[in-house]
Amino acid sequence: ARMAIIGAGPIGCELAQAFQRLGTRVTLIDIAERVLGQEEEEASRLVQRALEQDGVELRLGHEVTSVRRQGGEKQLLLKSGTGETTVTADEILVAVGRTPNAEGLNLEAAGVERDSKGKLVVSESLQTSNDHIFASGDVAVPYQFTHVADATSRIVLQNALFPGPNQKWTDLVIPWVTYTDPEVARVGRSRRALETASVRFHEWHVPLASTDRGRTDGIEEGYLRLYTKARSDEILGATIVGPHAGELVSQLTLAMTNGIGLKGIASTIYPYPTLSEAIKKVANEYTRSRFTPLLQRAARWWFGVSR
């Protein structure tokens, strides 16, 4: 009947919303001041509002200091800037991360090193500290997703069994999706990562409601935000918030993987009406941005003399 979830990252938010909609009274707890702290603030705000509208009780900026049983209940003592409070629940779900299940494998005997978090130390080609042993998936790389485990395992097969230059897992263009309602999908680098790396970039923003499909589906919130290299159509990263965001981001992942920029997208025909037209809208904005005042004057001159 009552569940306390510790951790407001992707897994915590997904399961909080799911259990709340199934009839459980959910309290979502995190020491951070907002949900989905790794996502951009607007995406975080939209998901947080959706959780609140569903009835999830949020205890953000709260640290769990202790847990105890009281009869048939479980009580969590929380500490925040305003003092201590208690949350009572029937079950507690811990969603603050995982540790690799590598204990008991006697990796030390094979000379396989692990880092302070228990992950296997691997090179870009996914070799461990023992050159004859490779590792892939959650136990080896930072991104704990099923599709990344699949992609890195394919690289291991290539590098371990076939001749030729080694493939690098760091070359992968990795998308990820938080399956809340609305969905949050991201690929490439975020604004924060670009600014930290001092990369010059241009930001493009299209609300999903600006597409005709968005209007007919009644989408009031949600957006596509895309970053390109300054003075270039090269896509550096993107965030999509809204229905089917996980489906939409695959188009951008395909483009980035194959070196297709906004010019290529602008020349592609998209079916009407679809939410994917938001991507085409960004490409069209890029095309219009290239039509500088100088080019406009040249065009007016050309049309004038050619009449």
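Fair warning: this is a prediction, and the values are worked out from it, not measured in the lab. (Residues numbered from 1 in each chain as written. Predicted model: local features only at pLDDT ≥ 70, side-chain atom pairs only at ≥ 80, totals over all residues. Heavy atoms only, no water.)

## Points about the overall build of the protein chain
Phase 1: The number of helices and strands found in the protein chain is nine helices and 12 strands.
Phase 2: Dimensions of the protein chain, computed from C-alpha atoms along their principal axes, come out at roughly 90 × 55 × 35 Å.
Phase 3: Counting over 307 residues, the protein chain shows a buried share of 40%.
Phase 4: Restricting to contacts in the protein chain with at least 6 residues of sequence separation, those with at least 24 account for 51%.
Phase 5: Total accessible area on the protein chain stands at roughly 17600 Å², and carbon and sulfur atoms take up 52% of it. (Helix = DSSP H or I, 4+ residues; strand = E, 2+ residues; numbered from the N terminus. Buried < 20%, exposed > 50% of the residue type's maximum accessible area, 1.4 Å probe, protein only. Contact = heavy atoms within 4.5 Å. Areas by Shrake-Rupley, 256 points an atom, 1.4 Å probe, with all protein chains shown as cover.)

## A short note on a nonpolar patch on the surface
Phase 1: Judged by side-chain polarity, W301, W302, F303 and V305 come together as a nonpolar surface patch covering roughly 520 Å² of accessible area.
Phase 2: Structurally, the position occupied by W301 is in helix 9 (residues 293-306).
Phase 3: A relative accessible area of 57% places W301 in the exposed class. (Patch = residues over 30% accessible without salt bridge, like charges linked within 9 Å, V, L, I, M, F, W, Y side chains within 5 Å. Salt bridge = Lys/Arg side-chain N within 4 Å of Asp/Glu carboxyl O.)

## Quick word on the sheet that holds strand 11 (residues 223-229)
Phase 1: Taken together, five strands build an open sheet; the order of strands is 8-9-12-11-10 and the sheet is antiparallel. Of all the strands in the sheet, the pair left with one neighbour each is strand 8 (175-178) and strand 10 (201-207). Between one strand axis and the next, the sheet turns through 10° on average, direction left out of account.
Phase 2: Judged from the four bridges that link them, strand 8 and strand 9 (residues 183-188) form a sheet pairing that is antiparallel. The residue of strand 9 that forms the bridge with P175 is V187. (Pairing = 2+ DSSP bridges. Axes fitted to C-alpha atoms, helices over the stretch in contact; angles between N-to-C directions.)

## Observations regarding the environment of G111
Phase 1: By the secondary structure assignment, G111 is in the loop between strand 7 (91-94) and helix 3 (146-161).
Phase 2: Taking the C-alpha atoms as reference, G111 lies 9.6 Å from D131; in sequence the two are 20 residues apart.
Phase 3: Setting aside chain neighbours within four positions, we find G111 in contact with S129 and N130.

## Some details on the pattern of salt bridges
Phase 1: Within the structure shown, the criterion is met by 20 salt bridges.
Phase 2: Here R49 and E221 are joined by a salt bridge, their closest N and O atoms 2.1 Å apart. Within this pair, whereas R49 is found in helix 2 (residues 41-54), its partner E221 is found in the loop between helix 5 (212-216) and strand 11, the two being separated by 172 residues in sequence.
Phase 3: One salt bridge connects R98 with D138, and the closest N-O pair in it is separated by 3.5 Å. On the criterion of sequence distance, the pair formed by R98 in the loop between strand 7 and helix 3 and D138 in the loop between strand 7 and helix 3 is long-range, its members being 40 residues apart.
Phase 4: Through salt bridges that share partners, E40, E42, R45, R191, E195, E203 and R225 make up one connected network.

## Regarding the nonpolar core
The nonpolar side chains of soluble globular proteins are, as a tendency, buried together.
Phase 1: Core analysis: the biggest nonpolar cluster contains 27 residues, and L224, L226, I235, L252, L262 and I265 have the highest contact counts within it.
Phase 2: Counting only elements with at least two residues in this core, the list comes to strand 9, strand 10, strand 11, strand 12 (235-242), helix 6 (245-257), helix 7 (262-266) and helix 8 (277-289).
Phase 3: Per-element tally for this core: the top contributor is helix 6, with six residues.
Phase 4: Setting aside residues no more than four positions away along its own chain, L262 makes contact with W204, L226, T228, D233, I235, V282, A283 and Y286.
Phase 5: By size, the runner-up hydrophobic cluster in this structure holds 20 residues, among which are M3, L58, L60 and V184. (Core = buried A, V, L, I, M, F, W, Y, C linked by side-chain atoms within 4.5 Å.)

## Here we look at the sheet that holds strand 5 (residues 73-80)
Phase 1: The strand order across the open sheet built from three strands is 4-5-6, with neighbouring strands paired in antiparallel fashion. Each end of this open sheet is capped by a strand with a single partner; those strands are strand 4 (63-70) and strand 6 (83-89). In this sheet, adjacent strand axes meet at a mean angle of 25° when their direction is disregarded.
Phase 2: Pairing analysis gives seven bridges linking strand 5 to strand 6, with the strands arranged antiparallel. The residue bridging L78 from the neighbouring strand is T85, located in strand 6.

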